[in-house]
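These are the residues of each chain, in order.
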Amino acid sequence: MKMNKVDTKKAYQLLWEKITTLELAPGEILNIAALADELGFSQTAIQEALNLLVHDHLVEAPPRGLFVAGLQFSDLEKISTIRLNLETLAAQQAARNATKDDLVILKTLCNEIAGDTIELFELDQRFHQAIAKAAHNTYLADTLNRFYGLSKRLWFLALPYLDFLPSAVKSHINLSSAIREGNESLAMEIMQRHIEEFYLKIQQIIQDKKLILD
Amino acid sequence: MNKKNPPETLVLGIDAGGTYTDGVLLEYNTHQIIATHKSLTTKRDFSIGIENVIKGIELEDPSAIQMVSISTTLATNAIAEGKGKRVALFLIGYDPDLINSFDMGKRFATPHYYYIDGGHDLHGQEKAHLDLPDLLDKTNTIKNKVDAIAVSSYFSPRNPEHEIRAQNAIASICGLPIVLGHQLSTALGSVERATTAALNASLLAVLQEFIIAVRRAMEHRGINAPLMVVRGDGTLMNDEFAARSPVETIHSGPAASAIGGRFLSGEDQALVLDVGGTTTDLALIKDGKVTISETGASVSDYQTSVKAANLFSIGLGGDSHITLDRDNKISIGPERVVPLAFLSLQYKNVQERLKALANQSWPPPYPRELEYWYLQREIPEQNNFTAGEREAIDILKTGPKPAIEVLKSLGFLDTSQVNLGNLWREEVIGKSGFTPTDILHVDGRHTPWDEEASKAAISVFSHYLKWDEDQFQLIFWENVTEIISKAVIHFLTEKEIPTRKDTNNELANWLMDNSFRPEHEQLATRIALKIPIIGIGAPAQVMLDAVARTFYTDLVLPPHYSVANAAGAVAGSVMVTEEILIYPHLSAGNVDVIGYYLQARDNRKEIEDLEAALTEAKKIAEDNALSAALRSGANNPEVIVEVIQDGMDSYRVKAQAVGKPRLEG
């Protein structure tokens, strides 16, 4: 895939953002010419960007037409199972391999104060990415990265009903100090609880509010 | 069909200059020009002018175009007009006292610069630990106030470790684009490197948007071909490279002009003078190549370490504003305005008003009454115009008005009292006035527009000065010739031209005067050019003829000289330069050489023996240059490797890969 093309790359970023924040809703039909006009890109760039998003499971391409991938309730479980395992692995590897620079980065992220729920989510995402990087395993980080978009969609779905989650910040601090101490099992444990808590909350909201009808 | 003819290879060259955007459709192998197009540059959005050229060029099957290449003053303009994005610059290991004592802070091209502990020394050894917590704290305070981040660490070309660690950390806490100094320049000047990084960061989004718009315009006309951008030294890079190092496009316009002049004329030794609407640019062709500046490109007083053609530019062009100064001397430029002949063609009442002014006996007409303001586009719906600005718009809604009339209606006497900044910046209102182009309309040498308006204007000027019109023209053209001739001498000698007031330079002044206007009865002096002048740009013939005569040389006007700049955009080669630094690894206390470091971009390697290090470096440099040239669109690039001694026991291994652009199809 020609990801180095300037316009394709930018179009991909814009569309990724629109889909993961549900501005383009699940199931919505994607019209290439209309998107090109609206966003000011060539149709080729939009086409190529959408192909990349098909790869990310964010766009579906049946034999005819293109649309934003639907959200199924079963996705939630599939995604959470994978993330639960990979994130705990990342936490363990980070506790083993983190460099001094990694620790400074984690500490800075812990000290940052989010102004609202969206900022908190972004901060949480950065924190997880920093841990994936501190694991010093490129394949693990790449694999995890692909799930952020899918996770983010579920989270945005629940967003209007979510309370501010200060407990997330608390677990960041604990996780960060476990990694600093090189305590692998503790890091894994905190990460597992942190992820479980997140998905349980989302699951509950989605069920209670009947946000996805399967 | 004649089968002997090779298939046509069509390429489209575009030059987006300060006034006009020119396009040339060219057969690549025969250099034959098939179509040309000229449209006005829209400074608030350069891609509009380019879209017009792509739309306007005459060709039945645009899909046959195999390459589009663009030179543009977009970057230069964005810097000069402060339209670049906001940048935070981190200076790692720089000495604040030193920077302050030489007042160098202004040179960084951004007010948001921060000092961070760290950096390396000449030998690539860590001078101080990188203070990462401080760097991240500062990033957090500034990240919502800027659009990009630049990092330059002390001696980073010798050892970029701190820049790389900084990038890694900053990218973990915010999503802003990050530019590193060592990736743009291997030169050791730390201030220039920081400036280059900051300017590059400020231009990233500007060039990205531009490329996206051009690609879209190409698609609208069914052109599916590689897109190239001209560098400041006239070589080409593909759009992907350009989007990453936009700072390299500074001066790409004048460089393309020089190359186009050489390409169309075939002259291998020549002085190129490109007369545009706003400026006249000078460049030198030596042995078939454009000469390169020893120091890096500079723009708006910022000195960068980017390679660029050796250029000199003066604010005198076909659309320069002609006014009178306080001593009633004719002043030309540097401001560019729309010629009255052009304005009058579009608004009929302008001609009537100008004629009435010329015939008015009392009060006598003033030359400053010739400056007109007009609305040049629709009023943007979203705006933050002041009350005064909105009033000015209302006044101009009924058509162009003399500036002094607008000022009077607003209750002001002078332009300096009124602030209509938004209207000028967003090109809502435009300025028209008396220009060299108008004088060409009067003498009939170049009359595409309304010569009646120009005639009225020259009559106002001549009456006011109590000259007849022929005398006015004669003196005017003498002035133009003198300004350009002095620029030629300054450019070629790099010496300051003495001003008239400088009485210490009596002889120099006399020599100069007597050479331009022979006056002495016994002594004849002449300053002769040993090479011809290549003239480029629409007014070149008229404005340069006398200049060539002054220098006792020929004026060469290549075919299609008015759009040679656009031809130059496709005439360049694709070039990539890779440099590897080799310098000694010293033992503790800098006593013995215990090996050699080989610094290739982000990778560093230690080799004990110097010969082995040089051999290895040559190989890596050659491989890197070759693959980078292929990636940036070169066809069969050739690589030349050279080793340059760079101070004590240090070497710079330079590989330059050059090839013609690879065409689609």
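Residues numbered from 1 in each chain as written. Chains lettered and ligands numbered in written order. Predicted model: local features only at pLDDT ≥ 70, side-chain atom pairs only at ≥ 80, totals over all residues.

Comments concerning the overall build of chain A
What counts, and what does not: Elements are defined by DSSP. Helices are runs of H or I of four residues or more, strands are runs of E of two residues or more, and each kind is numbered from the N terminus. Based on C-alpha atoms, the radius of gyration is set beside the globule rule, defined as 2.2 Å times the residue count to the power 0.38.
In terms of regular secondary structure, chain A is built from nine helices and two strands. Mapped in sequence order, the helices and strands of chain A form the string α-α-α-β-β-α-α-α-α-α-α. In terms of C-alpha radius of gyration, chain A reaches 18 Å, essentially the compact-globule figure of 17 Å for 214 residues. For chain A, the C-alpha atoms occupy an extent of roughly 55 × 40 × 30 Å along the three principal directions.

As for the packing of helix α12 (residues 387-396) of chain B against helix α13 (residues 403-410) of chain B
Residues and elements named next belong to chain B. Using the following cut-off: Note on method: axes are straight lines fitted to C-alpha atoms, helices fitted across the in-contact stretch only, with angles between N-to-C directions ranging 0 to 180 degrees. Oblique is the label for every angle not falling under 35 degrees (roughly parallel), over 145 degrees (roughly antiparallel), or within 65 to 115 degrees (roughly perpendicular). Crossing handedness follows the turn of the near helix against the far one: under a right angle anticlockwise gives a left-handed crossing, and clockwise gives a right-handed one. Think of it this way: build a C-beta for each residue from its backbone, and any pair within 7 Å is a contact. Note on residue classes: Ala, Val, Leu, Ile, Met, Phe, Trp, Tyr, Cys and Pro are nonpolar, Asp, Glu, Lys and Arg are charged, and everything else, Gly too, is polar.
Interaxial distance between α12 and α13 falls to 10 Å at its minimum, and their mutual angle equals 130°. In terms of orientation, α12 and α13 fall into the oblique class. Once α12 is placed against α13, the crossing between them reads as right-handed. Only V406, S409 and L410 of α13 make contact with α12, whose side of the interface consists of G388, E391, A392, I395 and L396. Classifying every residue of the contact of α12 with α13 by side-chain character gives five nonpolar, two polar and one charged.

Brief notes about the domain arrangement of chain B
Keep this limit in mind: Delimitation of the domains relies on an automatic or database domain assignment.
The domain architecture assigned to chain B consists of domain 1 (10-80 + 207-309 + 566-571), domain 2 (87-203), domain 3 (320-471) and domain 4 (574-661). Between domain 3 of chain B and domain 4 of chain B, the C-alpha centre-to-centre distance is 58 Å.

Observations regarding the nonpolar core
Residue and element names in this part refer to chain B. Our working definition: Defined on buried residues, the nonpolar core groups Ala, Val, Leu, Ile, Met, Phe, Trp, Tyr and Cys residues joined through C-beta atoms within 7 Å. The burial criterion counts other C-beta atoms lying within 10 Å of a residue's C-beta, which is placed from the backbone; the residue is buried at 20 or more, exposed at 12 or fewer, and partly exposed between these limits.
Judged by nonpolar contacts, the single largest core of 231 residues is most densely connected at I149 and I582. In terms of residue count, helix α7 (residues 190-220) provides more of this core than any other element does, 15 residues in total. Setting aside residues up to four positions removed in sequence, I582 forms contacts with Y596, Y597, L598, A613, L614, A617, S650, Y651 and V653.

Focus: the interface of chain B and chain A
The partner chain A presents 20 residues to the 19 residues of chain B that form the contact. Every element with two or more residues in the side of chain B that touches chain A is listed here: α4 (132-142), α5 (161-173), α7 and α8 (239-244) of chain B. A total of seven residues in the side of chain B that touches chain A trace back to one element, the largest contributor, which is α7 of chain B. Looking at the side of chain B that touches chain A residue by residue, the classes come out as nine nonpolar, four polar and six charged.

Some words on the sheet that holds strand β19 (residues 338-339) of chain B
Residues and elements named next belong to chain B. What counts here: When DSSP locates at least two bridges between a pair of strands, those strands are taken to pair.
Strand order in this open sheet of four strands is β19-β22-β20-β21, and the pairing throughout is mixed. Single-partner strands in this sheet number two, and they are β19 and β21 (401-402). Here strand β20 (residues 372-375) pairs with β21 via two bridges, running antiparallel. Directly across from Y372, in β21, lies its bridge partner P402.

Details of the environment of E48 of chain A
Summarising the element assignment, E48 of chain A is placed in helix α3 (residues 43-55). When the C-alpha positions of E48 of chain A and D7 of chain A are compared, they lie 9.5 Å apart, and in sequence the two are 41 residues distant.

Overview of unusual backbone geometry
All names here are of chain B. In the segment running from G333 into P334, the intervening peptide bond is cis, with an omega of 0°. Summarising the element assignment, P334 is placed in strand β18 (residues 330-336). Following W362, the chain continues to P363 via a peptide bond in cis, the omega torsion being -10°. Take P363: it is sitting in the loop between α11 (348-359) and β20. Positive phi, normally seen in glycine, also occurs at D287, with a value near 50°. Within the secondary structure, D287 is located in the loop between β12 (280-286) and β13 (289-290). Since 7 C-beta atoms lie within 10 Å of it, D287 is described here as exposed.

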